Each structure stands twice: as C-alpha cells, then as structure tokens.
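Residues per chain are reported as follows:
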Amino acid sequence: MKLLMAILLCGFSWGAHAEEVEIFSPKLAFRLGSGILVNTGTVGGSTLTTGGLNFVYTYFLTGSFALVAGYRADFDTQRNILPIYGFDFGSRLYYWGQGTRSLIKIDSTTSERHDLMALYAIGELSSKTFYLGSNPKDAGTTSLTGNFVSLNVGTGLDLRVSRHFELNSELTARLISLSASDNRIRLKAYLLSLGVSYLF
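Participant: I'm lost on the nonpolar core in this one. Help?
Facilitator: Soluble, globular proteins show a tendency: their nonpolar side chains are buried together. Membership of the largest hydrophobic core is limited to nine residues, which are Leu37, Ile84, Phe130, Leu144, Phe148, Ile185, Leu187, Ala189 and Leu191. Looking at this core, the elements with two or more residues in it are β9 (143-160) and β11 (187-199). With three residues, the single largest contributor to this core is β11. Listed in part, the seven residues of the second largest apolar core include Phe24, Ala66, Ala118 and Ile122.

What follows is the structure in structure tokens.
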C-alpha cells in the first residue's frame with residue numbers, strides 16, 4: 001500500500017512540474033502567379049497578368065496564427081511591362097490544421113507535429129507602385145505611373161511534401177485602394193498563386 005502511494009505521489013509530482021514548450025517553424029515561400037487587374041479609376045480598363053513573382057516570409061505566433069511580410073511583382077507579358085510591384089504585410093489565420101511544423105518539448109521528452117494539409121484565411125495591407133504604360137500625348141504627363149495602398153483578402157492551402165517542404169496555393173483579391181497618387185488609377189486584382197514553401 002505504501003509503495004502504491006509513493007508511485008502515485010511521484011507521478012503527481014512529475015505532472016505538476018512538467019512544462020510544455022512548443023516551438024513553431026517559420027516559412028519562406030516562393031510562388032508564381034497570374035490573374036486579372038481591373039482599374040476602377042476614371043480611365044477604367046483591365047489586363048491579364050502572368051508570371052508574377054511572389055516571396056513571402058511567415059512567422060508563427062501560434063499554430064493557427066502568423067504574421068507575414070512579402071514582395072510581389074506582377075507582369076503583363078502582352079505589353080512586356082511590369083505593371084505592379086511592391087510589398088505586402090499582414091497575417092494568416094489557419095482554420096483547418098496547424099500552419100507549420102512544431103517541436104513540442106515536455107521536460108526531456110520531445111515530439112513533432114506537422115499536419116498533412118492546412119487551410120487559412122488571408123488579410124494583408126499592400127504598398128504598391130504601378131506603371132501602366134504611356135499616356136496619350138495631350139494628357140500632360142508621359143506615363144500612367146504612381147503608387148497606392150490596398151487591402152487584400154483571400155484564402156490559401158498548404159500541403160505537406162516532406163519535413164522541410166510544402167506545396168502552397170493562394171487565391172487573393174485586392175479589394176480596396178485606400179490611397180493613390182493618381183485618381184485615374186484605382187487598381188483591384190484577382191490573383192492565383194502556386195508555389196513551394198521551405199520550413200526552417
């Protein structure tokens with residue numbers, strides 16, 4: 001009886017002092033994208049963008065919430081110009097699965113978690129520079145160029161390939177231009193991006 005009590009007390013003592021620490025791996029993603037750019041400013045118009053390049057660094061605060069910083073350049077291959085490029089800052093909220101690989105430490109015991117698939121919602125604030133080609137000669141300036149800030153929303157998918165690599169896809173919409181240097185230009189966009197992520 002005394003032996004049983006001692007075992008129970010030892011087990012209780014170990015459980016009371018066990019400290020769980022979870023470390024989340026950051027990600028670096030490289031993606032190619034395409035989509036539609038729509039100008040809702042005074043001059044109107046739309047164009048297709050293909051071969052866009054996108055780099056994103058993701059830092060996880062928890063398994064379901066992360067902060068992101070990235071750079072995106074969208075190309076117009078029909079006119080051989082770079083219409084939009086700039087930086088994105090925002091967050092990812094994972095609503096299905098954990099967003100990255102994690103290392104769980106409980107005293108001297110360690111384990112890993114890395115879900116096969118994860119889905120997430122996107123919220124971003126973007127600072128972009130645009131160049132949409134030359135103006136008509138009587139417009140007073142030589143080109144449609146300037147900058148704007150926009151709000152982006154979307155959804156994404158991560159699919160585990162190995163311990164360090166994931167396939168990634170995102171569907172985003174640039175919904176609101178918060179400011180612009182030229183009231184003729186209010187650019188919305190609907191973009192699909194596909195690529196790969198490296199987990200550190």
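Participant: Would you explain the sheet that holds strand β1 (residues 20-24) in this entry?
Facilitator: Whenever strands of a sheet pair, they do so through backbone hydrogen bonds, lying parallel or antiparallel. With antiparallel pairing, three strands are arranged side by side in an open sheet as β1-β6-β7. The sheet is open, and its two borders are formed by β1 and β7 (109-113), each paired with just one other strand. Pairwise comparison of adjacent strand axes, ignoring direction, gives a mean angle of 20° for this sheet.

Participant: Help me understand the side chain of asparagine 39 in this model?
Facilitator: Along the chain, asparagine 39 turns up in strand β2 (residues 27-39). Classification of asparagine 39 by relative accessible area gives buried; the value is 8%. Those residues in contact with asparagine 39 that lie beyond four places of it in its chain are Gly44, Gly45, Arg184, Ile185, Arg186 and Leu187.

Participant: I'm lost on the confidence of the model for the chain in this one. Help?
Facilitator: The predicted coordinates should not be examined in detail at positions where pLDDT is low. This prediction gives the chain a mean pLDDT of 84; 80% of its residues lie at or above 70. Counting contacts from residues 12-16, a segment whose pLDDT is below 50, to residues more than four positions away or on other chains yields one contact.

Participant: In this structure, what is going on with the environment of phenylalanine 89? I would like to understand it.
Facilitator: Residue position: phenylalanine 89 is located in strand β5 (residues 81-96). As for phenylalanine 89 and leucine 67, which are separated by 22 residues in sequence, their C-alpha atoms are 7.8 Å apart. Sequence-distant contacts of phenylalanine 89, defined by excluding residues within four places in its chain, comprise Val68, Ala69, Glu124 and Leu125.

Participant: Sorry if this is basic, but what is going on with the pattern of salt bridges here?
Facilitator: Any two side chains of opposite charge can pair, on the condition that their charged atoms come close. Enumeration over the complete set of coordinates arrives at 10 salt bridges. Across the pair arginine 31 and glutamate 170 runs a salt bridge whose closest N-O atoms are separated by 3.3 Å. Pair noted here: arginine 31 is in strand β2 and glutamate 170 is in strand β10 (residues 165-180), with a separation of 139 residues, a long-range link. When sorted by exposure, arginine 31 lands in the same class as glutamate 170, which is buried.

The rules we used
- Residues numbered from 1 in each chain as written.
- Predicted model: local features only at pLDDT ≥ 70, side-chain atom pairs only at ≥ 80, totals over all residues.
- Heavy atoms only, no water.
- Core = buried A, V, L, I, M, F, W, Y, C linked by side-chain atoms within 4.5 Å.
- Buried < 20%, exposed > 50% of the residue type's maximum accessible area, 1.4 Å probe, protein only.
- Helix = DSSP H or I, 4+ residues; strand = E, 2+ residues; numbered from the N terminus.
- Pairing = 2+ DSSP bridges.
- Axes fitted to C-alpha atoms, helices over the stretch in contact; angles between N-to-C directions.
- Contact = heavy atoms within 4.5 Å.
- pLDDT = per-residue confidence, 0-100.
- Salt bridge = Lys/Arg side-chain N within 4 Å of Asp/Glu carboxyl O.

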